[in-house]
Amino acid sequence: MVAPARSDRAAGLVGSVGRRETPSGGSTPDDYWRRPATGDGDATDQPSAGRRPAPTSGYAGPPPSTPPPAGWRPPVHLEATPPRRLPAQDMAGLDAAEQRSQRVTYGFGAAAGVVLVMVVCLLCSRIVF
C-alpha cells in the first residue's frame, strides 16, 4: 500500500520543522511548542504584556434584541380555578407517629446487634474449644 503524500500544511505539524535552537546550540523543551518563524524576526514570537493579537474571525456576540410589542400575548378566555386549601396537619399526632417508628427502628437494630454478638461468640467458642 502506498502512503499518501503529506501536504505542506501537514508537514508544519511535525516537531522538527521550524524548530529553533538556543544560541548555545541546544534547544529548550518549549521550542517544540512554539510557532514557526514568520520572517519578521524574533520580536513577533515574544508576547508583550500590553499587546493582544487581534481576532481574525470569531463570535461577535448575540444580535441586538428588540422588546416585543405591547399586545403580543394571546387573550385569556378561561380563568383557572384557584387552588384548594390543604387540610390542617395534626403536628402532635405526626410527632407521636414519628417517635413510635423510631422506637421500632431502634428495636430491630438492637435485636440484630444481639444476634450478631451471639454469632460472634459462638464462632469464637468453636475456635477456642
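You'll find the structure just up there.
Right, let's walk through the structure included here. (Residues numbered from 1 in each chain as written. Predicted model: local features only at pLDDT ≥ 70, side-chain atom pairs only at ≥ 80, totals over all residues. Heavy atoms only, no water.)

1. Points about the overall build of the protein chain
And step 1. Summing up its helical and strand segments, the protein chain has 2 helices and 0 strands in all.
And step 2. Counting over 129 residues, the protein chain shows a buried share of 2%.
And step 3. Carbon together with sulfur atoms contributes 62% to the accessible area of the protein chain, which is approximately 13,100 Å² in total. (Helix = DSSP H or I, 4+ residues; strand = E, 2+ residues; numbered from the N terminus. Buried < 20%, exposed > 50% of the residue type's maximum accessible area, 1.4 Å probe, protein only. Areas by Shrake-Rupley, 256 points an atom, 1.4 Å probe, with all protein chains shown as cover.)

2. Considering a nonpolar patch on the surface
And step 1. Residues Val115, Val119 and Leu123 make up a contiguous nonpolar surface patch of roughly 250 Å² in combined accessible area.
And step 2. Within the secondary structure, Val119 sits in helix 2 (residues 91-128).
And step 3. Under the relative-accessibility criterion, Val119 is labelled partly exposed at 40%. (Patch = residues over 30% accessible without salt bridge, like charges linked within 9 Å, V, L, I, M, F, W, Y side chains within 5 Å. Salt bridge = Lys/Arg side-chain N within 4 Å of Asp/Glu carboxyl O.)

3. Focus on the state of the cysteines
And step 1. In the structure shown here, the tally under the stated rule is 0 disulfides.
And step 2. The thiol of Cys121 is not disulfide-bonded; the next cysteine sulfur, from Cys124, is found 6.6 Å away.
And step 3. A relative accessible area of 48% places Cys121 in the partly exposed class. (Disulfide = S-S within 2.5 Å.)

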